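# Per-entry structural report
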Amino acid sequence: MFEISKTFTFSAAHSVFSQQLNPKWTTNTYPKCRRLPGHGHDYKLTVYLCSETLDKSQMVTDFHHLSWFKQFLDRCFDHKLILSLQDSGTLLFLKKLNLIDDDVFSLPEIEKMKPSVKFYGVETDFSFVSGEIDVDAIDLSRFIYLTFDNFSCPAFSEKSVVEIDFYQRLLDGIALFKYSPTSEQMAKFFYKFINKNIEPLGVRCSRVSISETETSCATYSE
Ligand SMILES: Nc1nc2c(c(=O)[nH]1)N=C([C@H](O)[C@H](O)COP(=O)(O)OP(=O)(O)OP(=O)(O)O)CN2
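Not measured: the values here are computed from a predicted model.

Entries for the chain in the domain assignment read domain 1 (2-70 + 197-221) and domain 2 (87-177). Inter-centroid distance (C-alpha atoms) of domain 1 to domain 2 is 27 Å. In this assembly, four residues from domain 1 lie in contact with five residues from domain 2. Buried area between domain 1 and domain 2, both sides added, is near 320 Å², and the carbon and sulfur share of it is 58%. For the domain 1 face of the interface with domain 2, the top three residues by lost area are Phe17, Leu36 and Asn197, together amounting to 96%.

Quick look at the structure:
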C-alpha cells in the first residue's frame, strides 16, 4: 500500500461550546475555549491519500490533484469564525440579529431594501453546494457546514451604509458547523468530505490530522 500526504494551513477562530474540564485531571478548570467571540488558531491540516497501485505518472496521485481542496479551505475556512449549530449561545446570537428563526436562515431587510449573500455549504451527504440567498430563506438542517461571502445591499442613507458594513463583515466572516468545532469533529468532517469528493480520482483518503497548536493534534480514520 502506498500513502502520500499533503499539509494545508489556514487561520480561523472557533468557539468550543462543548468544552467541559474535569478538575481531577487539570489545574486549569475554567473552560476558556467556550467563550462565544471565539479564539483563533493557525490550523495545520494533513490529508493522507492511499492506493494499492500507482497511476500512469507512477504516483498515488499528483499532489496538485488536491488543489480543489486548497480552494475549498481558502474560500470556506480561512479567516472564518466557526460556530456550532448545536450551541444555544450561537443560536441566540443569530436570532437576536434576525438572521435565524428555528432552523431557518434568512436575511433581514435594511431600510426596506433586500440584501443578498452568496453561500457555500456542505450538505449532510458531504456534497458541496453554493448559491445565493436573497428573498429565499434556507433550511439549516440541510447542512453540516455553511458559510457566506459577498453580502450586499443597496444603500440610500448613512445609517444603512453602517448597517450593511456590519452585516457584510459579520456574515462574510462566520461559518456554521453542525457539531462542536473540536479538532476531532473537524478531522472527521474533512475525512468524510474528501472521501465523498475524491472518489472519481481513484484514490482514498486514509486519514486526516488537524493541529490547532504546535503541541496538539487530532486524527480521524475509519
Ligand atoms: N481533545 C481536544 N482538546 C481540546 C481541544 C480540541 O479540539 N480537542 N481544543 C481546545 C482549544 O481549542 C484550545 O485552544 C487548544 O488546545 P490547547 O492545546 O489546550 O492549547 P493551549 O495553547 O492553551 O495549551 P497549553 O499547552 O496549555 O499552552 C482545548 N482542548
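With mixed pairing, nine strands are arranged side by side in an open sheet as S7-S6-S9-S10-S3-S1-S2-S11-S12. The sheet is open, and its two edges are formed by strand S7 (128-133) and strand S12 (216-220), each paired on a single side. The mean inter-strand angle of the sheet, taken between neighbouring strand axes irrespective of direction, is 30 degrees. Its contacts with the sheet place helix H1 (residues 67-76) against strand S1 (2-14), strand S2 (39-51), strand S6 (116-123), S7 and strand S9 (143-152), and it is angled at close to 10 degrees to S1. In the packing of helix H4 (residues 183-198) onto the sheet, contacts are made with S1, S2, strand S3 (81-84), S6, S7, S9, strand S10 (174-177), strand S11 (204-213) and S12, and the angle to S11 comes to roughly 150 degrees.

The local shell around the ligand consists of His14, Gln19, Lys32, Cys33, His39, His41, Thr182, Ser183, Glu184, Glu212, Thr213 and Ser216. Contact distances for the ligand include 3.0 Å between an oxygen atom and a side-chain N or O atom of histidine 14. With the chains in place, 51% of the 620 Å² that the ligand exposes on its own is no longer accessible. When residues of the shell around the ligand are traced back to their parent elements, those giving at least two are S2, H4 and S11. For the shell around the ligand, the per-class residue count stands at one nonpolar, eight polar and three charged.

Our focus in this paragraph is the sheet that holds strand S8 (residues 138-139). In spatial order, the strands read S4-S5-S8; together these three strands make up an open sheet with antiparallel pairing. The sheet is open, and its two borders are formed by strand S4 (100-101) and S8, each paired with just one other strand. Of the pairings in the sheet, the one linking S4 to strand S5 (residues 104-105) comprises two bridges and is antiparallel in character. Paired with aspartate 101 across the strands is valine 104, a residue of S5.

Leu45, Phe69, Phe77, Phe189 and Phe190 are the most contacted members of the largest nonpolar core, which totals 36 residues. Elements with a minimum of two residues in this core: S1, S2, H1, S6, S9, S10, H4 and S11. Residue contributions to this core peak at eight residues, all from H4. Residues from two domains meet in this core; each of domain 1 (2-70 + 197-221) and domain 2 (87-177) gives at least three. Setting aside anything within four residues of it in sequence, one finds phenylalanine 77 in contact with Phe10, Ser11, Ala12, Phe72, Ile82, Tyr145, Met186, Phe189 and Phe190. Among the nonpolar cores identified, the runner-up in size contains 28 residues, and Ala13, Leu83, Ile100 and Phe143 belong to it.

Rules of the game
- Residues numbered from 1 in each chain as written.
- Predicted model: local features only at pLDDT ≥ 70, side-chain atom pairs only at ≥ 80, totals over all residues.
- Heavy atoms only, no water.
- Domains from an automatic or database assignment.
- Contact = heavy atoms within 4.5 Å.
- Buried area = accessible area lost by both parts, 1.4 Å probe.
- Pairing = 2+ DSSP bridges.
- Helix = DSSP H or I, 4+ residues; strand = E, 2+ residues; numbered from the N terminus.
- Axes fitted to C-alpha atoms, helices over the stretch in contact; angles between N-to-C directions.
- Near = heavy atom within 4 Å.
- Polar contact = N/O pair within 3.5 Å; in protein donor to acceptor, adjacent residues only side chain to side chain.
- Areas by Shrake-Rupley, 256 points an atom, 1.4 Å probe, with all protein chains shown as cover.
- Nonpolar A, V, L, I, M, F, W, Y, C, P; charged D, E, K, R; others polar.
- Core = buried A, V, L, I, M, F, W, Y, C linked by side-chain atoms within 4.5 Å.
- Buried < 20%, exposed > 50% of the residue type's maximum accessible area, 1.4 Å probe, protein only.

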